[in-house]
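Each chain, written out:
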Amino acid sequence: MKFARDFKESLASQGFPPHWVEQAVPYRQLKKCLKKVQRELQDLGLDPDTLRSLTDPENKSPVALKYRLHSSADSKLVRPALTVHVKDGVVVDASLTPATRRFFENLAIELAANRRRSLGDTPGGRDENGADPAPIQLTGPDAIQLPFDKDGYETIEVPLEFDNQFFEMLQSDVNNIDALQADEQKNMAKEISALRDEISLVSKPSRFSKTDLALWRHIFELYLDAEVFFATGEQNHGERTSQAALTQLQWFQSEVEKRRLARDFRLRESHSALDRFLKLNASLLKNLQFQELNRLAVLKILKKFDKRTSLGISKTFRTFVQSRKLMAGSIGKDVCAQLSQELVPVVPQLNDYLCPVCFAIAYRPVRLACQHVFCIRCIVKIQRRQEKHCPLCRSDAVLKASADNLDIALGRYMKKYFRKEVKEKQRANDIERGIEDYGPTYTHKECVVM
Ligand SMILES: [Zn+2]
Ligand SMILES: [Zn+2]
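The name that an unreviewed UniProt entry assigns to the protein is Putative RING finger proteinc-like protein, with the source organism given as Hapsidospora chrysogenum.

Here it is, written out as structure tokens:
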């Protein structure tokens, strides 16, 4: 009872769009249907205890029940099937409840009828498929006889109307939410592309006109540090809960404010771009909250199903249900991947251009044969020490490097996007060289062009 109420309240209070709420898992309806499933099974003499003992794989009695979900790729539906496997000559145990005894008595009659039918006593008497789920008793024409299996067991499928209905409802709800989330993802993908264009305009490197490159770099650096939706730390690795994501997003926003980054924007368009970026993140967060809530509803109802029927389905449902969004939780992964591959790299981060030896920008980058990139100063120093191995991969590449290994295009790119850092690096190199040439008393004088 409690969850049904909490679920309804959460749906109403978390600010989801009305058309989402309409598509939410109808928990109450599923619960009602579950009651009917329970009654349906009980009418057959299959109370939870009996079901538990008969579906136990260790059960050695001549009667066994199997409950399985089947899924087909084309119909996008999952179908449950309860089958009875009986060896010839069942002895009905006197300790069974009257209802369960009745189940077996009916079963025996049904088996006999099946056998007669298969011998040809009643030609055309079989109503195969059992498509019409109306009658519940096993003796009805809906009981399907399957062929003997290899162990000499006879197998009968027990037609269960409400059980079918339950899973049909559940699967179609999952399908609806999947479709909804696929739509949302498409919208967010479009928004990311639009934002990419907008942010690359306002953060275009320029010496002469206004640009917000440095501010956007700072903003994205904070955003990457926040790891809003995915954590990479040792302890809490992987996808964050929506609650944790919210905390991270709030941290990011407060840092942007604290550092007055938006206030320092020089271009008006940067404000609207930041606004859009924040909205995009909020929208992904909403999607994750909705997904989390509905997934919880599905898991809760399946747990309830197991408790009331002992059919042990909650563990296998995940593998049978065909859900690329809700149950797979892929929306967060996909949108974040697009964010980090398409949007964030619009503003290159210094971290990606550091020399792994001196940790300053790898200006005048030397690309060794192994493809690792270092600043020219560090390579020269390693060569002077006659060390031949790349500090990163130990391949024999350092002494073979020459002026041909200078990556001119990369150098130009660094100069364009990291003007300040490149200047600092050049200055540091000049001082270092001066000390090498003139000794430690060398004082650096800036070169002034008159
Ligand atoms: Zn270096
Ligand atoms: Zn290397």
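J.: Go over the coordination of the zinc ion (ligand 1), please, and point to the residues and values.
T.: Protein coordination at the zinc ion (ligand 1): the donors are Cys-355 (SG), Cys-358 (SG), Cys-375 (SG) and Cys-378 (SG), at 2.3 Å from the metal. Coordination at the zinc ion (ligand 1) comes from four donor atoms whose angles at the metal span 98 to 120°, giving a geometry best classed as tetrahedral. Positions of the donor residues of the zinc ion (ligand 1) along the chain correspond to the pattern C-x2-C-x16-C-x2-C. Here Cys-355, found in the loop between helix H11 (330-343) and strand E7 (365-367), pairs with Cys-378, found in helix H12 (residues 376-384); they are 23 residues apart in sequence, far enough to count as distant. With respect to class, Cys-355 is no different from Cys-378; both count as buried.

J.: Requested: an account of a positive patch on the surface, with residues and values cited.
T.: Taken together, the side chains of Arg-5, Lys-8, Arg-28, Lys-32, Lys-35, Lys-36 and Arg-39 define a basic patch exposed on the protein surface. Where the positive patch is concerned, the elements lending two or more residues are helix H1 (2-13) and helix H3 (27-43). With five residues, the top contributor of residues to the positive patch is H3. With respect to the secondary-structure elements, Arg-39 resides in helix H3.

J.: Which residues make up the nonpolar core, and what are the values?
T.: Within soluble globular proteins, side chains that are nonpolar tend to cluster in buried spots. By size, the foremost hydrophobic cluster in this structure holds 60 residues, and its most contacted members are Ile-199, Trp-216, Phe-220, Phe-229, Phe-252 and Leu-368. Looking at this core, the elements with two or more residues in it are helix H6 (161-202), helix H7 (213-226), helix H8 (242-258), helix H9 (268-309), H11, strand E8 (373-375), H12 and helix H13 (408-417). Among the elements that make up this core, the one with the highest residue count is H7 (eight residues). Both domains that meet at this core, namely domain 2 (165-347) and domain 3 (351-438), each give it at least three residues. Aside from chain neighbours lying at most four places away, what touches Trp-216 is Ile-199, Val-202, Ser-203, Phe-265, Ser-270, Ala-273, Leu-274 and Val-347. Counting residues in each nonpolar core, the second largest holds 53 residues, with Leu-34, Leu-44, Leu-107 and Val-298 among its members.

J.: Please set out the coordination of the zinc ion (ligand 2) residue by residue, giving values where relevant.
T.: Taken together, Cys-370 (SG), His-372 (ND1), Cys-390 (SG) and Cys-393 (SG) make up the full set of protein donors to the zinc ion (ligand 2), lying 2.0 to 2.4 Å away. Angles of 107 to 112° at the metal separate the four donor atoms of the zinc ion (ligand 2), which places the site in the tetrahedral class. Written as a sequence motif, the donor arrangement for the zinc ion (ligand 2) is C-x1-H-x17-C-x2-C. Residue class for Cys-390 comes out buried when judged on its relative accessible area of 0%. Exposure remark for Cys-393: the relative accessible area of 35% places this residue in the partly exposed category.

J.: Tell me about unusual backbone geometry, and name the residues and values.
T.: Unusually for a residue other than glycine, Glu-227 sits at a positive phi of about 40°. Note on placement: Glu-227 falls in the loop between H7 and strand E5 (230-231). Phi angles above zero are rare outside glycine, and Arg-260 is one such case at about 55°. Residue position: Arg-260 is located in the loop between H8 and H9.

J.: Lay out the packing of H9 against H11 with the relevant residues and their values.
T.: Packing of H9 against H11 leaves a shortest axis separation of 10 Å and a crossing angle of 160°. When the axis of H9 is compared with that of H11, the two are roughly antiparallel. Seen along the crossing, H9 lies across H11 with a hand that is left-handed. Contacts between H9 and H11 involve Phe-277, Leu-280, Asn-281, Leu-284, Asn-287, Leu-288 and Gln-291 on the former and, on the latter, Ile-331, Gly-332, Val-335, Cys-336, Leu-339 and Leu-343. For the contact of H9 with H11, the class distribution of residues is nine nonpolar, four polar and no charged.

Definitions and cut-offs
Residues numbered from 1 in each chain as written. Chains lettered and ligands numbered in written order. Predicted model: local features only at pLDDT ≥ 70, side-chain atom pairs only at ≥ 80, totals over all residues. Heavy atoms only, no water. Donors = N, O, S within 2.8 Å, 3.2 Å for Na, K, Ca; no water. Tetrahedral: all angles 85-135°; square planar, octahedral: opposite > 155°, others 65-115°. Helix = DSSP H or I, 4+ residues; strand = E, 2+ residues; numbered from the N terminus. Buried < 20%, exposed > 50% of the residue type's maximum accessible area, 1.4 Å probe, protein only. Patch = residues over 30% accessible without salt bridge, like charges linked within 9 Å, V, L, I, M, F, W, Y side chains within 5 Å. Areas by Shrake-Rupley, 256 points an atom, 1.4 Å probe, with all protein chains shown as cover. Salt bridge = Lys/Arg side-chain N within 4 Å of Asp/Glu carboxyl O. Lys, Arg positive; Asp, Glu negative; His and termini not counted. Charge placed at Lys NZ, Arg CZ, Asp CG, Glu CD. Core = buried A, V, L, I, M, F, W, Y, C linked by side-chain atoms within 4.5 Å. Domains from an automatic or database assignment. Contact = heavy atoms within 4.5 Å. Axes fitted to C-alpha atoms, helices over the stretch in contact; angles between N-to-C directions. Parallel < 35°, antiparallel > 145°, perpendicular 65-115°, else oblique. Left-handed = near helix turned anticlockwise from the far one by under 90°. Nonpolar A, V, L, I, M, F, W, Y, C, P; charged D, E, K, R; others polar.

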